[in-house]
Number of protein chains: 2
Amino acid sequence: MSKLRFEISVSLDGYVAGPNQSEESPLGEGGEQLHEWVIKLAAWRESHGREGGEVNASTPLMEESLSGVGAVIMGRGMFGGGPGPWGEDPWQGWWGKEPPFHMPVFVLAHHEREPLTLGETTFTFVTDGIESALAQAREAAGEGDVTIGGGADVAQQYLSANLVDQMQLNIPPVLLGGGTRLFDGGAGAGLDLEPILVVDTPDVTHVRYRVG
Amino acid sequence: MSKLRFEISVSLDGYVAGPNQSEESPLGEGGEQLHEWVIKLAAWRESHGREGGEVNASTPLMEESLSGVGAVIMGRGMFGGGPGPWGEDPWQGWWGKEPPFHMPVFVLAHHEREPLTLGETTFTFVTDGIESALAQAREAAGEGDVTIGGGADVAQQYLSANLVDQMQLNIPPVLLGGGTRLFDGGAGAGLDLEPILVVDTPDVTHVRYRVG
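Residues numbered from 1 in each chain as written. Chains lettered and ligands numbered in written order. Predicted model: local features only at pLDDT ≥ 70, side-chain atom pairs only at ≥ 80, totals over all residues. Heavy atoms only, no water.

## Focus: the sheet that holds strand E3 (residues 69-75) of chain A
Residues and elements named next belong to chain A. The test is simple: Strands are treated as partners if at least two bridges between them are detected by DSSP. Strands here are runs of E lasting at least two residues and helices are runs of H or I lasting at least four, both read from the DSSP assignment and numbered beginning at the N terminus. Fitted lines through C-alpha atoms serve as axes, helices being fitted only where they are in contact, and the angles separating the N-to-C directions of these axes extend from 0 to 180 degrees.
An order of E5-E6-E4-E3-E7-E1-E8-E11-E10 is seen for the nine strands of this open sheet, with the pairing classed as mixed. Single-partner strands in this sheet number two, and they are strand E5 (116-118) and strand E10 (193-200). Along the sheet, successive strands turn relative to each other by an average axial angle of 20°, direction set aside. Relative to strand E8 (residues 166-171), strand E1 (residues 4-9) is paired through five bridges, and the arrangement is parallel.

This is the structure we're talking about:
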């Protein structure tokens, strides 16, 4: 069966976004530092239509994260336009007419909505819970894995339900001092974790775990 | 000048002790898992008068942490017997008549007390702040480094004052779900960190940072 995996950039003090998040500052104060390691990679830049960039020890991990994935699960918070009912002119996501996913995306939502297709990406809104979203994503992914696109609350829910197979933390040498914690509310406490890969560069330490 | 360094075992979700700490359970629920990697090392066992144990990639780091240190700083909480005035029959520490430090130890305290010598360890109680404790520890350490023995609150104070030169986190693959956080209250936010060593074993991931 395809794996449920996620990878996420998290500060050394455990935050996935800095303090004082807002619409103008969705990553919070200092939160952009979490992603500097990836934005400088040629592999990431190419996948986002940008030129240049470097190749380093993070490159194979970045390429793995872009390949072998057949579907994405994300929370309503990450899709945006909420919270609350969708309204008459519903939010179309942050990504414009060609979202970068190019695969089925399942959005955990409290309010029903017809699927939305933009470019090669179809967003399906799932209102009957995380297990249903995972079952639908697995079916859509075929041989591919399912990845959690975010946010941290969605990762926490899947960890706490012991449904995650693999987790990779990308830890840049940054202390944000506040913000949104990756692990909060006891998420995943007591899960059986096995480190299966550690890769370090001056910019980031990657640690990949087999879970459960 | 000698370095101020500390190393600490911390769960993947950022806790140095588990939930519900008490006198009977000083590491909190599950907290003993943070230290399993070190207790199985022959180098640690020998230094604590125990036999057996194994040699693995953590061994050189353990040996480094035992050598080159000339003085220790710890908080009153770690020394114990508090909080509050020392009283007529003052607490002598948790370690019996031969504490394992074998070097000068400086205890950050709010209440004055004469130095206490037990075996090869002299505890000096410092009531005029962390910078004074560091100056005294540096002088006592001579060529050696000064290390922070704990707790997390003491490490946080020195980090926030930008007085730490090197920090090593030992991260076993454990999610405790609650307890005492290593990084709390914004400690060290914005410090300049540089990863200088990453060592991984199936039991623990070590990441050492140059600070400031």
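Now that the structure has been shown, we can carry on.
## Observations regarding the side chain of Gln156(A)
Residue and element names in this part refer to chain A. Quick note on the threshold: The buried label goes to any residue with under 20% of its type's maximum accessible area, the exposed label to any with over 50%, and the partly exposed label to all in between, with areas taken from a 1.4 Å probe on protein chains only. Here, residues are in contact when the closest pair of their heavy atoms is within 4.5 Å.
Relative to the helices and strands, glutamine 156 resides in helix H6 (residues 152-160). Since its relative accessible area comes to 16%, glutamine 156 is described here as buried. For glutamine 156, the residues in contact, after removing those within four places along its chain, are Arg181, Leu182, Phe183, Asp184 and Ala187.

## Quick look at the interface of chain B and chain A
Stated precisely, the cut-off is as follows: What gets called buried area is simply the loss in accessible area from a 1.4 Å probe that two parts show on being joined, summed for both. Whenever a carboxyl oxygen of Asp or Glu lies within 4 Å of a side-chain nitrogen of Lys or Arg, that contact is scored as a salt bridge. Note on residue classes: Ala, Val, Leu, Ile, Met, Phe, Trp, Tyr, Cys and Pro are nonpolar, Asp, Glu, Lys and Arg are charged, and everything else, Gly too, is polar.
Listed as interface residues are 28 residues of chain B and, on the opposing side, 28 residues of chain A. Of the roughly 2,200 Å² buried where chain B meets chain A, counting both sides, 65% is carbon and sulfur surface. Inspection of the region where chain B meets chain A yields two salt bridges. Counting residues per element, the ones that place at least two in the side of chain B that touches chain A are strand E8 (166-171), strand E10 (193-200) and strand E11 (205-211) of chain B. Split by residue class, the side of chain B that touches chain A holds 18 nonpolar, six polar and four charged.

## Quick notes on the environment of Gln156(A)
Condition: For this analysis, a polar contact is any N or O atom pair within 3.5 Å, provided that within protein one partner can donate a hydrogen and the other can accept it, and provided that sequence-adjacent residues contribute only side-chain to side-chain pairs.
As a C-alpha pair, Gln156(A) and Met1(A) span 155 residues in sequence and 22 Å in three-dimensional space. Only 2.7 Å separates the side chain of Gln156(A) from the backbone oxygen of Leu182(A), close enough to count as a polar contact.

## What about helix H5 (residues 130-141) of chain B?
Residues and elements named next belong to chain B. Defined as follows: Expected span of a helix, by definition, is 1.5 Å for each gap between consecutive residues, and there is one gap fewer than residues.
Taking 1.5 Å as the rise per residue, H5 with twelve residues should run 16 Å; its terminal C-alpha atoms sit 16 Å apart, in good agreement. For H5, the complete set of buried residues consists of Ile130, Ser132, Ala133, Leu134, Ala137, Arg138 and Ala141. Where H5 is buried, its residues contact strand E1 (4-9), strand E3 (69-75), strand E4 (105-108), strand E6 (121-126), strand E7 (145-150) and helix H6 (152-160). In the segment just after H5, glycine 142 is the residue with positive phi, at about 60°.

## A few points about the pattern of salt bridges
All names here are of chain A. Evaluated as defined, the whole model comprises 14 salt bridges over all chains. Between aspartate 192 and arginine 210 there is a salt bridge, and its shortest N-O distance comes to 3.8 Å. In this pair, aspartate 192 sits in the loop between strand E9 (180-181) and E10 while arginine 210 sits in strand E11 (residues 205-211), placing the two residues 18 residues apart along the sequence. Given a relative accessible area of 45%, aspartate 192 falls into the partly exposed group. The class for arginine 210 is partly exposed, based on a relative accessible area of 29%. Salt bridges sharing partners connect three or more residues here, namely Asp192, Glu194 and Arg210.

## A closer look at the confidence of the model for chain A
Applied cut-off: pLDDT: the predictor's confidence for each residue, scored from 0 to 100.
For chain A, mean pLDDT is 94; residues scoring 70 or higher make up 100% of the total. For this predicted complex, the interface score ipTM comes out at 0.87, while the overall pTM is 0.90.

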